[in-house]
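Inside the fold
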Amino acid sequence: MELKTILYEKDAGVGIITLNRPKALNALNDELINELTILMDDIGSDNEVQAVIITGGERAFAAGGDIAFMANADSLQAEKFVEAIRVAFDKIDRLDKPVIAAISGLALGGGSELALACDIRIAAEGSSIGQPEINLGIIPGAGGTQRLTRTVGPGWAKYMVMTGLPISADTALKIGFITKVVPKEQLMDEAKKIANIMAVKSPLAMKAAKRCVNYGLSVDLSSALSYEIKTWAALFSTEDQKEGMKAFLEKRNPVYKSR
Ligand code: CO8
């Protein structure tokens, strides 16, 4: 597929997605969302890719849903748009591989929500993250009232959603929205460093880890702990578990085969 709004490259087991509508600060329109959806399916079935980075430009990760595209929408059109976004973001959330958002500049509205659909977020110094939808007479519709709350808790989520004010990278670090702030020029190196660490783990263990954490967020603790035990035990029927423990005992690096 020829991509028009996204750039995609593979680098040593890591898939790097770069949002590429710089003139509109990477505002998310239906074309970009459609390309992202198709790309996530491709990445899901690509055994060469074991970790993913989503990034934008220096000025903006993404400044939100495309306001020009949404301005004259009626309720049905708005729902269709946001349902398509949900499909795309759920594909990121449910991808059996880790996804890192590398934020530089603005991550606003749908941009912040895209980052929240990723497993880990890091940001460049000076970045600005927010849910400004309230300033447009709407509310977040792609996870900003839900994934944001699960990530930073209801106090900070309500502050961001109800004031519409952006927070700095330092504040985002303090409240757990991101896990690291780095100088702008080090952003991609840092994202690749984390992705490379993850890309050489057992893909089966990685998938199990992501599924357990995600599943636990939507059910009660007892059910989540039972799911964790079953998933943990199931890994003992894999060659990767045998290899991981054998390699430890033999004092060498493991070589995983995803079996
Ligand atoms: N949509 C469309 N175009 C945008 C957007 C946007 N969200 N943000 C910026 N642009 C465009 C501007 O219109 C401008 O285009 P042009 O050069 O043709 O006039 C260009 O990008 C550069 O922007 P500015 O000139 O405004 O640059 P500034 O540096 O002066 O300001 C700001 C940058 C502060 C980011 C400003 O552009 C702004 O406030 N943008 C809107 C941010 C916003 O409100 N985002 C939330 C949008 S609503 C949303 O995301 C909810 C959607 C829910 C569904 C899920 C979506 C995926």
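That block above? That's the structure.
Basis of the calculations
- Residues numbered from 1 in each chain as written.
- Predicted model: local features only at pLDDT ≥ 70, side-chain atom pairs only at ≥ 80, totals over all residues.
- Heavy atoms only, no water.
- Core = buried A, V, L, I, M, F, W, Y, C linked by side-chain atoms within 4.5 Å.
- Buried < 20%, exposed > 50% of the residue type's maximum accessible area, 1.4 Å probe, protein only.
- Helix = DSSP H or I, 4+ residues; strand = E, 2+ residues; numbered from the N terminus.
- Contact = heavy atoms within 4.5 Å.
- Near = heavy atom within 4 Å.
- Polar contact = N/O pair within 3.5 Å; in protein donor to acceptor, adjacent residues only side chain to side chain.
- Areas by Shrake-Rupley, 256 points an atom, 1.4 Å probe, with all protein chains shown as cover.
- Nonpolar A, V, L, I, M, F, W, Y, C, P; charged D, E, K, R; others polar.
- Salt bridge = Lys/Arg side-chain N within 4 Å of Asp/Glu carboxyl O.

Here we look at the nonpolar core
Residues F89 and F177 are the most contacted members of the largest nonpolar core, which totals 44 residues. Ranked by residues supplied to this core, first place goes to helix α1 (residues 30-44) with six residues. When residues no more than four places from it in sequence are discounted, the contact partners of F89 are L28, I33, L36, G110, E113, L114, A117, A142 and R147. V14, A124, V182 and M206 belong to the second largest nonpolar core, which has 17 residues in total.

Focus on the site of the ligand
Near the ligand, the surroundings consist of 23 residues, among which R59, A63, G65, I67 and G110 are the closest. One of the backbone nitrogen or oxygen atoms of A63 is found 2.8 Å away from a nitrogen atom of the ligand. For the ligand, whose accessible area on its own is 1000 Å², the fraction buried by protein is 61%. If you list the elements that add at least two residues to the shell around the ligand, you get α2 (67-70), α3 (75-94), β6 (106-108) and α4 (110-117). Counted by class, the shell around the ligand contains 14 nonpolar, four polar and five charged residues.

Side note on the pattern of salt bridges
One pass over the full model with this rule turns up 17 salt bridges. With a shortest N-O distance of 2.8 Å, E243 and R252 are connected by a salt bridge. Where salt bridges share partners, they join R86, D90, D93, R94 and R147 into one cluster.

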